[in-house]
Amino acid sequence: QDFALSQEDTSPAGIMTMAARAASPLFVLLLALHLSLLHAFQPALLPRASTPSSTRGRTLCSRSRAAGALGLRAQATATGVADIKSKILQVAALTDRGQRLNTLIAPCYQENRELISKLVADLCAQPHEVTKEGLSGEWELAYADVELFRSSPFFLAIERALDTSPGIPLLGQWLGITDPTKKSAMFFKLHQLQVLSWGASTVGRIAQRIDFEEGEFQSSFDTILFGLTVIPILGWFKLLPTFGGRVVTLADGLTLEGNEMVMSLAKTQVVNIPNVNRIPLVSGLLMDRWYPVRGVWKFLPWNGGPFNGRDPECRVEVIYLDEQMRITKDLSGAIFVYTRPML
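Small disclaimer: the values here were computed from a predicted structure and weren't measured.

Reading guide: rules and limits
- Residues numbered from 1 in each chain as written.
- Predicted model: local features only at pLDDT ≥ 70, side-chain atom pairs only at ≥ 80, totals over all residues.
- Heavy atoms only, no water.
- Helix = DSSP H or I, 4+ residues; strand = E, 2+ residues; numbered from the N terminus.
- Polar contact = N/O pair within 3.5 Å; in protein donor to acceptor, adjacent residues only side chain to side chain.
- Contact = heavy atoms within 4.5 Å.
- Buried < 20%, exposed > 50% of the residue type's maximum accessible area, 1.4 Å probe, protein only.
- Pairing = 2+ DSSP bridges.
- 1 Å grid on protein atoms, 1.4 Å probe; cavity = no way out; pocket = protein on both sides within 12 Å on 5 of 7 lines; lining within 4 Å.
- Points joined across faces, edges and corners; volume = space filled by probe spheres on them.
- Nonpolar A, V, L, I, M, F, W, Y, C, P; charged D, E, K, R; others polar.
- Phe/Tyr/Trp six-rings, centres within 6.5 Å; stacked < 30°, edge-to-face > 60°.
- Lys NZ or Arg CZ within 6 Å of the ring centre and 35° of its normal.
- Lys, Arg positive; Asp, Glu negative; His and termini not counted.
- Salt bridge = Lys/Arg side-chain N within 4 Å of Asp/Glu carboxyl O.

Below, the discussion takes up the side chain of Thr 223. Tracing the sequence through the fold places Thr 223 in strand 3 (residues 216-225). Reaching out from Thr 223, the side chain makes a polar contact with the side chain of Ser 201 at a distance of 2.9 Å. Setting aside its immediate chain neighbours within four residues, Thr 223 contacts Ser 201, Thr 202, Phe 243, Gly 244, Gly 245 and Ile 273.

Following this line, the structure appears as structure tokens:
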């Protein structure tokens, strides 16, 4: 009980006093030596203050963690872009490059039209830059939410000429056109009915070559005639051989104005498709020669001709671009998705 230390007297001096009262001189001497050694080495036992080197270490760690976070965000963004592009191409494959969405054929699969519109909007919201270098080179059409042939500068020029001209001609009024800015939609509908009816003609590969150094935009699409012709039910062989040709359209004066590619339709021709028979009888007269479209364009009445005809100019807006995918929008707002050729 005499050796108990109160909470108010726990200092080394207090301990020495209490020990002196109840212990021998030898015990006091040993206790004093122990407390002196403890007091001498106490600074070494305490935590050291931070040094500049440790501060630099923590700074480097912080920077490493920040860089890692940025890397993860960039990786997540890249993964998100790749996922969106994959879904766009999946819808393109499921809908035959968007042609199964044509309500003129059947009003089905329309949910995919809404889906791809959302996917395109999400992709366009991702960081990207539209440059001449990024646009130049070969491209293939993977999807369109309108007729495939409308990707050609030939039909882009027709769209601009019809939809920017005032009034509605008598034929258009008879066909039910009420909006002068929608005249081209009726024209494209009639064109599709004429060239694709009964499966007589199908559209194959559609490609584009963009060259800003030469100021040229070349578009081509393959058309196959009489792919399958048989006698219904009874037939087991083709009645007619398959013919075809590649329609090549050249536009020049190509420039990039902001995000818009601006060009002027120059000429068009039909050439041979490898391993496909040429069109008989007329191939020698119609194929393998350039037709100067620009020369007669100004004389067309629906283009202001023959006295006030306009040049066959056309424009497409590039709404997304990266190394492997390009998405454009025409005057009517139609969407076209292109990819780089794999072969």
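That covers the picture; the talk isn't over yet.
Here strand 8 (residues 335-339) lies mainly inside the structure; 5 of its 5 residues are buried. Alternating positions in strand 8 separate into two faces, Ile 335, Val 337 and Thr 339 on one and Phe 336 and Tyr 338 on the other, with burial throughout. The pairing of strand 1 (residues 137-144) with strand 8 spans 4 bridges and is antiparallel. In the sheet register, Ala 144 faces strand 8, and the bridge partner there is Phe 336. With 5 bridges connecting them, strand 7 (residues 325-329) and strand 8 associate as antiparallel partners.

The subject of this paragraph is empty space enclosed by the protein. Using the criterion set out here, one finds 1 cavity of 30 Å³ or more in the structure. Estimates place the volume of the largest cavity at around 50 Å³. Forming the boundary of the largest cavity are Ser 151, Leu 156, Gln 208, Phe 217, Val 316, Arg 326, Thr 328, Phe 336 and Tyr 338. Breaking the lining of the largest cavity down by element, the ones donating at least two residues are strand 7 and strand 8. Of the residues belonging to the lining of the largest cavity, the class tally is 5 nonpolar, 3 polar and 1 charged.

Our next topic: the packing of aromatic side chains. Going through the model one piece at a time under the given rule, you end up with 8 aromatic pairs. Taking 5.7 Å as the distance between ring centres and 70° as the angle between the ring planes, the aromatic pair formed by Phe 187 and Phe 188 counts as edge-to-face. Under the relative-accessibility criterion, Phe 187 is labelled partly exposed at 33%. Between Phe 226 and Phe 243, the ring centres sit 6.4 Å apart and the planes meet at 80°, which makes this aromatic pair edge-to-face. With a gap of 17 residues between them, Phe 226 in the loop between strand 3 and strand 4 (243-257) and Phe 243 in strand 4 connect regions that are remote in the sequence. Assessed through its relative accessible area of 32%, Phe 226 is described here as partly exposed. Note on Phe 243: relative accessible area 15%, which makes it buried. Put simply, the rings of Phe 149, Phe 154, Phe 155, Phe 187, Phe 188 and Trp 297 touch in pairs and so form one group of aromatic residues. Sitting over the face of the ring of Tyr 338, Arg 326 holds its NZ or CZ atom 4.1 Å from the ring centroid.

A separate point is the side chain of Arg 326. By secondary structure assignment, the location of Arg 326 is in strand 7. Although Arg 326 lies buried, it forms no salt bridge, and the closest oppositely charged side chain, Glu 138, sits 9.0 Å away as judged by the N-O distance. Here Gln 208 takes part through its side chain, which lies 2.8 Å from a polar atom of the side chain of Arg 326.

All we've got here are geometric facts, nothing functional implied.
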